[in-house]
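Listed here are the chains, written in short residue letters.
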Amino acid sequence: MRKYFLWIALILFIAAAIGGLQQLDLVWKLGLVLGFSSVSIGVGYLKVLSGYQYTFWIITAVCAGLIYPDFFLHVGGFDMRNKWLILIIIQLVMFGMGTQMSIKDFTGIRHSGRGVLIGLLGHFTIMPLTGFFIATTFGFEPEIAAGIILIGSCSSGLASNVMTYIAKGDLVLSVTVTAISTLAAPIMTPFLMKIFAGTLVEVHFFNMMMEIVKIVIVPLTAAMIHDILKTYGASAQRNVKILTVIATIWLAIVFIFWESFGIAPDSTSASLFEILNFLCGAFIVGYLYHLVYKSYAKIDVMMPYFSMFGIIYFTLVTTAAGRDNLIQIGFLLFLASILHNGAGYFFGYWLSRASGLDKRKSQTIAFEVGLQNGGMASGLAGSMGKLATLGLASAVFSPWMNVSGSLLANYWRKKGDREKVVSK
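Residues numbered from 1 in each chain as written. Predicted model: local features only at pLDDT ≥ 70, side-chain atom pairs only at ≥ 80, totals over all residues. Heavy atoms only, no water.

*Asks:* Would you explain the overall build of the protein chain in this entry?
*Replies:* Each helix and strand in the protein chain was counted, giving 17 helices and two strands. Considered along the principal axes of its C-alpha atoms, the protein chain spans approximately 65 × 65 × 50 Å. Residues counted as buried form 51% of the 424 residues belonging to the protein chain. Intrachain contacts of the protein chain at a sequence separation of at least 6 include 79% that bridge at least 24 residues. When the accessible surface of the protein chain is summed, it comes to about 20,200 Å², and 69% of that surface belongs to carbon and sulfur atoms. (Helix = DSSP H or I, 4+ residues; strand = E, 2+ residues; numbered from the N terminus. Buried < 20%, exposed > 50% of the residue type's maximum accessible area, 1.4 Å probe, protein only. Contact = heavy atoms within 4.5 Å. Areas by Shrake-Rupley, 256 points an atom, 1.4 Å probe, with all protein chains shown as cover.)

What follows is the structure, given as structure tokens:
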């Protein structure tokens, strides 16, 4: 079936070209959007490009956001940039990522200590420094420049694990660095933003830290609850069930007697209280998800697709919201993404080699340093109400990271295979 979508795409692109020449707006606009959608479905038929299907959907989202910005920003009377919608979707993205991890991933530092430390050092120095240098050199507007620094200050994402697997790198090291950099993000990301972007946008360290806890730590906690119930013994499972009951009772008390607590809005106490409630919710969600898993085990395999959907949503809405900026500086942002991403690969690899790591581990660190968590950057930008500016870099950087990562991973895998043949 997929090959037929490629033929449909060709017809739609021809129609779009004719519509453009004849100045028929409806024809060329629909032709482009539907054409890219058809390519995204049909590209799986081609073995050479099958690994880029997700990237084509990202490109489709960018195209749709540029052509029909108003349509995708407001569905009926609902604003697609709604703060709570953004929070729920980014939590879904992070939860989907978390279901592919386990508590054991966070203990991998015992086996790959030096590699993990080099990966974290490279990740939280090379990328924010490079982002700062590029943002200031290119002369972007303050909030757009801050967005480049933001994506450079986020943790590494699940894409680095996928690319390491394709390249036949050290997957244990990759997953461990991803896990620990994610745990470090609530402190490191606002800290780096305060240092490098504090003069560009107003950065509230505590507020940003609380937002990262909500969009990263809370969904990962829910995923780890599921992992405990799935893999650990009866004692651990019993403790989780008890804590889940306590969390449920606590949230019921909060719901009924909220006004009696007398906590001032926008205070530190209110933020901490909110985080406590979110963490209680994480126990409940993790437990309920595990019940679904027991009835339908394939749901774990499906969760990454929900994460992909979330990234596509952020790309679509961010592109639509920042359409005017993107038309003006889109090429420069794309060039910035190539330089930023390339610097991560280059310096990550050679820092690892200089530190005494072998080629396989160094390639792994290159992916961990060069590939950022674009979803986290988008979620933070959305929570700050600056999706059209602060989030614009992540909308451009994310597609390129997937393309460049896939190309580099396949190159290193083939090179490694050739070296093994020669050595024999």
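What follows continues from the structure just given.
*Asks:* Would you take a moment to explain empty space enclosed by the protein for this structure?
*Replies:* Left-over empty space is what a probe sized like a water molecule reveals as it rolls over the atoms. Summed over all chains, the structure comprises one cavity of 30 Å³ or more. Considering only enclosed or pocket space, the largest cavity measures out at about 50 Å³ in volume. Ile311, Phe314, Thr315, Thr318, Gly374, Gly375, Ser378, Gly391, Ser394, Ala395 and Ser398 are the residues that line the largest cavity. Those elements giving two or more residues to the lining of the largest cavity turn out to be helix 13 (299-321), helix 16 (374-383) and helix 17 (392-423). It is helix 13 that contributes the most residues to the lining of the largest cavity, four residues altogether. Across the lining of the largest cavity, the residue classes break down as three nonpolar, eight polar and no charged. (1 Å grid on protein atoms, 1.4 Å probe; cavity = no way out; pocket = protein on both sides within 12 Å on 5 of 7 lines; lining within 4 Å. Points joined across faces, edges and corners; volume = space filled by probe spheres on them. Nonpolar A, V, L, I, M, F, W, Y, C, P; charged D, E, K, R; others polar.)

*Asks:* Please clarify how the side chain of threonine 318 should be interpreted in this entry.
*Replies:* Here threonine 318 lies in helix 13. Excluding residues that lie within four positions of it along the chain, threonine 318 makes contacts with Leu387, Gly391, Leu392 and Ala395.

*Asks:* Please clarify how the nonpolar core should be interpreted in this entry.
*Replies:* In summary, soluble globular proteins display a tendency toward joint burial of nonpolar side chains. Counting residues in each nonpolar core, the largest one holds 95 residues, and the members touching the most others are Leu333, Phe367, Met376 and Phe397. With 13 residues, the top contributor of residues to this core is helix 10 (residues 205-231). Phenylalanine 367 has contacts with Ser160, Met163, Thr164, Ala167, Tyr345, Gly405, Leu408, Ala409 and Trp412, leaving out every residue within four places of it along the chain. Counting residues in each nonpolar core, the second largest holds seven residues, with Ile228, Ala247, Cys280 and Phe283 among its members. (Core = buried A, V, L, I, M, F, W, Y, C linked by side-chain atoms within 4.5 Å.)

*Asks:* I would appreciate a short explanation of the layout of surface pockets in the present structure.
*Replies:* Counted as a void, the largest pocket has a volume near 1,300 Å³. As for the largest pocket, its lining consists of 45 residues, and the residues nearest its centre are Tyr54, Ala159, Val162, Met308 and Asn402. The dominant element in the lining of the largest pocket, judged by the number of residues it contributes, is helix 17, at eight residues. For the lining of the largest pocket, the per-class residue count stands at 25 nonpolar, 16 polar and four charged. There is about 540 Å³ of room inside the second largest pocket. As for the second largest pocket, its lining consists of 21 residues, and the residues nearest its centre are Lys83, Asn207, Glu211, Lys214 and Ser271. Mapped by element, the contributors of at least two residues to the lining of the second largest pocket are helix 5 (83-98), helix 10 and helix 12 (268-295). Ranked by residues supplied to the lining of the second largest pocket, first place goes to helix 10 with six residues. Its residues assigned to classes, the lining of the second largest pocket shows nine nonpolar, six polar and six charged.

Don't take any of this as a statement about function, it's just geometry.
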